[in-house]
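Reading the structure
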Amino acid sequence: MTADFISAELKALQDAGLYRRLRRVEGDQDSTLTLDGREVINFSSNNYLGIANHPALAARAKAAIDLYGCGSGASRLISGNMTLHEELEAKLAQFKNTEAALVFNSGFQANIGILATLAGEGDVILSDALNHASIIDGCRLSKAQTLVYAHCDLKGLEAGLKQAALARRRLIVSETIFSMDGDEAPLADIVELAEKYDAMVMVDEAHGTGVFGANGAGVVSKWGLASRVLVQMGTLGKALGGFGAYVAGSRDLCDLLINRCRSFIFTTSLPPAVMAMALAALDLVQNEPERRAALQHNCEKLKAGLSRSGFELGKSTSPILPLMVGDAGRCMALSAALLEHGVFAQGIRPPTVPVGTSRLRITLMATHSEAQIERALNIFEEVKRRWPAITTS
Ligand SMILES: Cc1ncc(COP(=O)(O)O)c(C=O)c1O
């Protein structure tokens, strides 16, 4: 079997301007990074609250290693269900105001597994057009019919629900804060429609948790909808600064996943240090609301400055600011020009976003300083002045 197709495929990606390569971060994750050997201001992290390198997380992880060792040795259903998994699940359920919670190894694994457990042949999943790749893959894996409705389009969703009237089950799935656009789903309306048409609701709070809601519990909490949303999925690797994911919901939902969800069952459970980090992070998230206030302040400052400089921003209501460019080549050139001057704002292009909507995905952190934001704004302006062709959409 010849492997020529591999080099041919790589060349095709290069020719289309879609080739990706890994960049190396030396040192810790902070509002500045040492990236490929150079210090840059970091606007490309989901570490929104700036706690990924917090000493409290590190101390708790070290203590867990001393007490429980490093590896978990097996999957949860064999011998890998350790005290800390259960402690974290109890704390997550309390945080999310649900009966129970279940930890997953990653958000990707959670989404594919949950969707394939809750929907199958004869069912219909109604999925927002901008949902994350892991949700798209979960829909595919489930073998349910998937009806994709236009982004946040309630009329389209309602039409889909009517079309699915005869299905065995209907499941609406949406991110609460969209990962590449930073806008918020109309969750209360989605829940109303779900109730009207007897559908289940599953939300992905990967980018809502830690940032929204009184205690940082997310968008569901912000609108008081915990009892009306069947599945609240979220991750531990973004605002919570660690790694892993969870689902929060009823005890029955979690028990069904323990019994049926292949991406939960057939994988080694997360190690003790990771559980311990998440426990420490949940304390910080709930006890330090000033981090959310600082994050909000930083978002407003950067947004106002970029608008003043004439950049076109999407309709974000979160720390994810899409700076719209359109063309993939120009988007990557803009990202490279900024990086050259010390600002790391990742260019996002197809297939992550639809063709013609390439953008810089600028993400803020609570720990960006005023000086860093001002410096970044000056660099944005300088790049716009020197390269008007790449900054004008
Ligand atoms: C909306 C959304 N869901 C799920 C995931 C996957 O989570 P994880 O990184 O824990 O696999 C991500 C990003 O990684 C995401 O942005």
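The structure this text deals with has already been given above.
Cut-off values and rules
Residues numbered from 1 in each chain as written. Predicted model: local features only at pLDDT ≥ 70, side-chain atom pairs only at ≥ 80, totals over all residues. Heavy atoms only, no water. Helix = DSSP H or I, 4+ residues; strand = E, 2+ residues; numbered from the N terminus. Polar contact = N/O pair within 3.5 Å; in protein donor to acceptor, adjacent residues only side chain to side chain. Contact = heavy atoms within 4.5 Å. 1 Å grid on protein atoms, 1.4 Å probe; cavity = no way out; pocket = protein on both sides within 12 Å on 5 of 7 lines; lining within 4 Å. Points joined across faces, edges and corners; volume = space filled by probe spheres on them. Near = heavy atom within 4 Å. Areas by Shrake-Rupley, 256 points an atom, 1.4 Å probe, with all protein chains shown as cover. Nonpolar A, V, L, I, M, F, W, Y, C, P; charged D, E, K, R; others polar. Buried < 20%, exposed > 50% of the residue type's maximum accessible area, 1.4 Å probe, protein only. Pairing = 2+ DSSP bridges. Axes fitted to C-alpha atoms, helices over the stretch in contact; angles between N-to-C directions. Parallel < 35°, antiparallel > 145°, perpendicular 65-115°, else oblique. Left-handed = near helix turned anticlockwise from the far one by under 90°. Expected span 1.5 Å × (residues − 1). Right-handed = clockwise from strand over helix to strand, strands pointing away.

Topic: the side chain of Glu158
Inspection of the secondary structure puts Glu158 in helix α6 (residues 154-163). Within polar-contact distance, the side chain of Glu158 engages the side chain of Lys196 at 3.0 Å. For Glu158, the contacting residues outside a window of four places in its chain are Leu193, Lys196 and Tyr197.

Here we look at the layout of surface pockets
Sizing a probe to match a water molecule and rolling it over the atoms shows the empty space that remains. Here the second largest pocket is characterised by a volume of approximately 310 Å³. Residue lining of the second largest pocket: 15 residues in total, with Gly113, Ala116, Thr117, Arg260 and Arg262 positioned closest to the centre. Looking at the lining of the second largest pocket, the elements with two or more residues in it are α4 (107-118), α5 (133-142), α9 (251-260) and α10 (262-265). For the lining of the second largest pocket, the element with the highest residue contribution is α4, accounting for five residues.

Thoughts on the site of the ligand
Taken together, 14 residues surround the ligand, and among them Gly107, Phe108, Asp204, His207 and Lys238 come closest. The contact in question runs from an oxygen atom of the ligand to an N or O atom on the backbone of Gly107, over 2.7 Å. A distance of 2.9 Å separates an oxygen atom of the ligand from a polar backbone atom of Phe108. Protein chains bury 82% of the 380 Å² of accessible surface belonging to the ligand in isolation. Considering every element that reaches the shell around the ligand, the biggest residue donor is α4, with three residues. Per-class residue counts for the shell around the ligand are two nonpolar, nine polar and three charged.

Section: the environment of Asn42
Inspection of the secondary structure assignment puts Asn42 in strand β3 (residues 38-42). For Asn42, a relative accessible area of 1% translates into the label buried. Ignoring any residue separated from it by four or fewer positions in sequence, one finds Asn42 in contact with Gln29, Asp30, Ser31, Thr32, Leu33, Phe344, Thr363, Met365 and His368.

Overview of the sheet that holds β3
Taking strand neighbours across the sheet as the criterion, the four strands line up as β1-β2-β3-β12 in an open arrangement whose pairing is mixed. The two strands at the open ends of the sheet, each matched to only one other strand, are β1 (25-26) and β12 (343-344). With four bridges joining them, strand β2 (residues 32-35) and β3 adopt antiparallel strand pairing. Following the sheet pairing, Leu33 is matched in β3 by Val40.

Quick word on the packing of helix α13 (residues 328-340) against helix α14 (residues 370-386)
Running from amino to carboxyl end, α13 crosses α14 at an angle of 125°, the nearest separation of the two axes being 10 Å. What the angle tells us is that α13 and α14 run oblique. The chirality of how α13 crosses α14 is right-handed. Across the interface between the two elements, Leu334, Ala337 and Leu338 from α13 touch Ile379, Phe380 and Val383 from α14. Per-class residue counts for the contact of α13 with α14 are six nonpolar, no polar and no charged.

Side note on the sheet that holds strand β14 (residues 358-363)
In spatial order, the strands read β11-β14-β13; together these three strands make up an open sheet with antiparallel pairing. In the strand order of this sheet, the two ends are held by β11 (320-326) and β13 (346-348), each with one partner. Taking each pair of neighbouring strands and ignoring which way they run, the sheet shows an average axis angle of 30°. Helix α12 (residues 290-308) rests against β11 and β14 of the sheet, and its axis sits at about 20° to β11. On the sheet, α13 packs against β11, β13 and β14 and is oriented at approximately 35° with respect to β14.

A word on the environment of Ala188
Relative to the assigned elements, Ala188 resides in helix α7 (residues 187-196). The exposure class assigned to Ala188 is partly exposed, which follows from its relative accessible area of 35%. In sequence terms Ala188 and Trp223 are 35 residues apart; their C-alpha atoms lie 7.2 Å from each other.

Thoughts on α4
Taking 1.5 Å of rise per residue, 12 residues should cover 16 Å, and α4 covers 16 Å from first to last C-alpha, within 8% of that figure. Of all 12 residues making up α4, nine are buried, and the element is well covered by its neighbours. Taking the backbone nitrogen of Phe108 as reference, a side-chain oxygen 3.4 Å away marks Ser106 as the first, capping residue of α4.

Section: the side chain of Asp181
Structurally, Asp181 can be placed in the loop between β7 (170-175) and α7. In terms of polar contacts, Asp181 uses its side chain to reach the side chain of Arg359, at 3.1 Å. Leaving out residues up to four positions away in the same chain, Asp181 has contacts with Leu130, Ser316, Ile320, Pro322 and Arg359.

Examining the pairing of strand β8 (residues 200-204)
Across the five residues that make up β8, a large majority, five, are buried. The alternating pattern of β8 places Met200, Met202 and Asp204 and Val201 and Val203 on opposite faces, both of which are buried. In the sheet, β7 pairs with β8 via five bridges, with the strands oriented parallel. Pairing of Ser174 across the sheet is with Val203, part of β8. Handedness of the β7-α7-β8 crossover: right-handed. Pairing between β8 and strand β9 (residues 231-235): three bridges, direction parallel. Residue Asp204 lies in a different strand from β9, and its bridge partner there is Met233.

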